[in-house]
There are 2 protein chains.
Amino acid sequence: MTEVKGFHVAVVGATGAVGQQMIQTLETRNFPISKLTLLSSSRSAGKVVVFKGEEYTVQEATPESFEGVDIALFSAGGSVSKALAPEAVKRGAIVVDNTSAFRMDENVPLVVPEVNEEELHNHNGIIANPNCSTIQMVVALQPIRNQYGLKKIIVSTYQAVSGSGAAAVEELNRQTKAIINNESFEPQILPVGSDKKHYQIAFNAIPQIDKFQENGYTYEEMKMINETKKIMSLPELQVAATCVRLPVATGHSESLYFEVENDGVSVQEVKTLLETAPGVVLQDDPANQVYPMPADCVGKNDVFVGRIRRDLDHSKGFHMWVVSDNLLKGAAWNSVQIAESLVKLGIVK
Amino acid sequence: MTEVKGFHVAVVGATGAVGQQMIQTLETRNFPISKLTLLSSSRSAGKVVVFKGEEYTVQEATPESFEGVDIALFSAGGSVSKALAPEAVKRGAIVVDNTSAFRMDENVPLVVPEVNEEELHNHNGIIANPNCSTIQMVVALQPIRNQYGLKKIIVSTYQAVSGSGAAAVEELNRQTKAIINNESFEPQILPVGSDKKHYQIAFNAIPQIDKFQENGYTYEEMKMINETKKIMSLPELQVAATCVRLPVATGHSESLYFEVENDGVSVQEVKTLLETAPGVVLQDDPANQVYPMPADCVGKNDVFVGRIRRDLDHSKGFHMWVVSDNLLKGAAWNSVQIAESLVKLGIVK
């Protein structure tokens, strides 16, 4: 039995919604750490974060911060990753990047360990963590694809505000209180902090996540479409997405329609398959009102699946409801899980 | 020019969420009323309701209540309609029933005036008002069907709690306050008052509306499937639905995928068509973040449509986002609109 050595791990964006979850996940998973470096923008530098009972002062991220780092988990926005991930790689670190900066770069593996862990061997220093709503969908669909083939996906999402960061969660809380108390309020962040207009999210639903592209789809929708094809290595897969923001703090839900390649697949077979699938928890018992809900998934690493039923017109078509904690499997846990795979596969030594 | 005579109108369920909206809509539309009779269960009888500045005492609904009534608008639950609608018809009234009691009865027209107003001529005393989520969908799709043919619909809904009645709205408000104040609470009504289990709706999403059927679909989903085919007179139309309850008080939203029969239909043609379609308001300008949202639709009779874009894999496939006030076009306004059509077509005299 080999001794597990410890690694020098850096978290970039340590004070953000996902960064905080990354630090907590490294602790609960007891990830082998010899040294922990917590980094952020100059604005958040100096804050104190507790890890395993010890206080760490967050430092401003610079190229030199990555000297001696083995694994750097990035979640501080695309521009920070673009500027500093290559600097970390130059200094010998393997970067697991949670932003969209490198996801569609053909030299960067885009990894969900349950789906394409072996892609980690092809890294050139940077490994990309997919978009939250994409991750939970591919974890649920991969076992089905392996068994029956997969031809088409149409997804409508029900996404939580924490996907837009901690400030968006505060905005939801602030607005909710204002409406309950019959006070006025001014939307400032959602749907997209950097976009022109901002709308009420409390007691509302906003059909925009990220900015719009020329083709009428949002970037979030195009991420789901393009990232799914890349992660599953299915460039011909038909994928359509509509992404909607809800007044839910944490926990993304998805209404999925999918078509398999094989004939004669039964609902019971799909359920049996998902019951033992890695990373999946089947919650599907309509007679007893058992199905996944965002309020139940918070703080859990799994992808919860239910409401599986056959389409009434298409014998190869099925419907399914998929829920997961967007900060965990959608972000922090998938990143730490990639780090665990890097250790397990001996890619980081 | 013929003089507009007044009609004796009865509202059954006058104290409920929809009944209240019916009375208000009769007032704002200035419906020609010679006498107004407000009816309810014995529990709510005696309550006072104001119509055009005049106070009306709500009476307990009995078979005799319908003597002399020309038009009876029912919205007091399916069992009340089953018991009393035939009694009203027996006494010469035309019933517009907002419950699901008679919707799939082949002798009962199921009417959305923008779609199949002419079906009113085939009534046998009872006319059914469709399910809220069905109405807004068929209003948006009918112009498209007329122009290009319609082959397939896959819909995922984002439904407001007022569809479950006034008590469900109170439950959402109560739970929201409890969560904001960090107090405990006990779900009692949603997802379905008469079902076994009740779940948190505040800051959550519940993938169950109405009870489950044997086939894994809820009754709400089957209503959308079956009612759509009946209203559009398209028994071969492929329709699939997933219905989800949100923490929104009023305003249903729908993420629609649909396929037309014709080749070569452009997004711009669909937009141009919907811009002048009856009952439809087009709100579709992604560059300026213009799209419908439930918070904006409350109190309006229209069906709001936006986010129209072509499917990236299927040249006859399109996506669309449809929002409407579920208590108005989804219930009260559609019922009063049917009553207006009955007058206009000379069916009620």
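Predicted model only: the values in this text are computed from it and were never measured.

Rules used throughout
- Residues numbered from 1 in each chain as written.
- Chains lettered and ligands numbered in written order.
- Predicted model: local features only at pLDDT ≥ 70, side-chain atom pairs only at ≥ 80, totals over all residues.
- Heavy atoms only, no water.
- Contact = heavy atoms within 4.5 Å.
- Buried area = accessible area lost by both parts, 1.4 Å probe.
- Salt bridge = Lys/Arg side-chain N within 4 Å of Asp/Glu carboxyl O.
- Polar contact = N/O pair within 3.5 Å; in protein donor to acceptor, adjacent residues only side chain to side chain.
- Helix = DSSP H or I, 4+ residues; strand = E, 2+ residues; numbered from the N terminus.
- Nonpolar A, V, L, I, M, F, W, Y, C, P; charged D, E, K, R; others polar.
- Domains from an automatic or database assignment.
- Pairing = 2+ DSSP bridges.
- Axes fitted to C-alpha atoms, helices over the stretch in contact; angles between N-to-C directions.
- Disulfide = S-S within 2.5 Å.
- Buried < 20%, exposed > 50% of the residue type's maximum accessible area, 1.4 Å probe, protein only.
- Core = buried A, V, L, I, M, F, W, Y, C linked by side-chain atoms within 4.5 Å.
- UniProt positions renumbered as here; feature names shortened; annotations may be inferred.

J.: Please explain the interface of chain B and chain A as it appears in this structure.
T.: Frequently, the measure chosen for interface size is the accessible area that the parts lose on association. Opposite the 61 residues of chain B that make contact, chain A presents 61 residues. Of the roughly 5200 Å² buried between chain B and chain A on both sides combined, carbon and sulfur atoms contribute 59%. Put simply, chain B and chain A have four salt bridges between them. The salt bridge partner of Arg 309 of chain A is Glu 221 of chain B, with a shortest N-O separation of 3.8 Å. Between chain B and chain A we count 36 residue pairs in polar contact (both at pLDDT 80 or more) in total. Contributing elements (two or more residues each) for the side of chain B that touches chain A: β9 (150-158), α5 (166-180), α6 (219-231), β10 (238-242), β11 (252-260), α8 (294-297), β13 (303-310) and β14 (317-324) of chain B. Tallied by class, residues from the side of chain B that touches chain A come to 33 nonpolar, 16 polar and 12 charged.

J.: For this particular structure, what's the right way to read the domain arrangement of chain A?
T.: All names here are of chain A. Considered domain by domain, chain A is made up of domain 1 (7-130 + 331-344) and domain 2 (134-326). For domain 1 versus domain 2, the distance between C-alpha centres works out to 25 Å. Across the contact, 17 residues belong to domain 1 and 16 residues belong to domain 2. Here domain 1 meets domain 2 over a buried area of about 1400 Å², counting both sides, of which 66% is carbon and sulfur. Together, Met 104, Glu 114 and Val 115 form the three largest contributors to the area buried by domain 1 at its contact with domain 2, with a combined 35%. Counting across the interface, domain 1 meets domain 2 through five residue pairs in polar contact (both at pLDDT 80 or more). Elements with a minimum of two residues in the side of domain 1 that touches domain 2: α3 (113-116) and α9 (328-344).

J.: It is not clear to me how the sheet that holds strand β1 (residues 7-12) of chain A should be interpreted in this structure. Could you clarify?
T.: Strand pairing in a sheet takes place through backbone hydrogen bonds and is either antiparallel or parallel in direction. Residue and element names in this part refer to chain A. Reading across the sheet, the six strands line up as β5-β2-β1-β6-β7-β8 and stay open at both edges, with parallel pairing between neighbours. The open sheet has two edge strands with one neighbour each: β5 (59-60) and β8 (126-128). As paired strands, strand β6 (residues 71-74) and strand β7 (residues 94-97) are joined by four bridges and run parallel to one another. When the sheet's bridge partners are listed, Leu 73 is paired in β7 with Val 96. Against the sheet, helix α1 (residues 17-28) contacts β1, β2 (33-40) and β6, and its axis sits at roughly 155° relative to β1. Of the strands in this sheet, β1, β6, β7 and β8 are in contact with α9, which crosses β7 at around 150°.

J.: I would appreciate a short explanation of the state of the cysteines in the present structure.
T.: Between two cysteines, a covalent bond joining their sulfur atoms is known as a disulfide. All names here are of chain A. Counted under the stated rule, the structure contains zero disulfides over all chains. With no disulfide of its own, Cys 132 lies 8.8 Å from the sulfur of Cys 243, the closest cysteine sulfur. Among the residues examined, Cys 132 registers a relative accessible area of 13% and is labelled buried.

J.: What should I look at first to understand the nonpolar core in this one?
T.: A general tendency of soluble globular proteins is for nonpolar side chains to be buried together. Residues Leu 141, Ile 144 and Met 320 of chain B are the most contacted members of the largest nonpolar core, which totals 58 residues. Counting residues per element, this core draws most heavily on helix α4 (residues 132-148) of chain B, at eight residues. When residues of this core are assigned to domains, at least three fall in each of domain 1 (7-130 + 331-344) and domain 2 (134-326) of chain B. Among the nonpolar cores identified, the runner-up in size contains 57 residues, and Leu 150, Leu 256, Val 280 and Ile 308 of chain A belong to it.

J.: When you look at the UniProt feature "active site" (unreviewed entry) in chain A in this model, what are you seeing that I'm missing?
T.: All names here are of chain A. Residues annotated by UniProt as "active site" (unreviewed entry) correspond here to Cys 132 and His 252. Annotated residues spanning 121 residues; largest pairwise C-alpha distance 8.3 Å, indicating a single compact cluster. Looking at where Cys 132 falls in the secondary structure, it is placed in helix α4 (residues 132-148). If we ignore the near neighbours within four places in the chain, the residues touching Cys 132 are Gln 159, Glu 220, His 252, Asn 326 and Gly 330. Since its relative accessible area comes to 0%, His 252 is described here as buried. Those residues in contact with His 252 that lie beyond four places of it in its chain are Cys 132, Ser 133, Gln 136, Tyr 158, Gln 159, Ala 160, Arg 245, Val 322, Val 323, Ser 324 and Asn 326.

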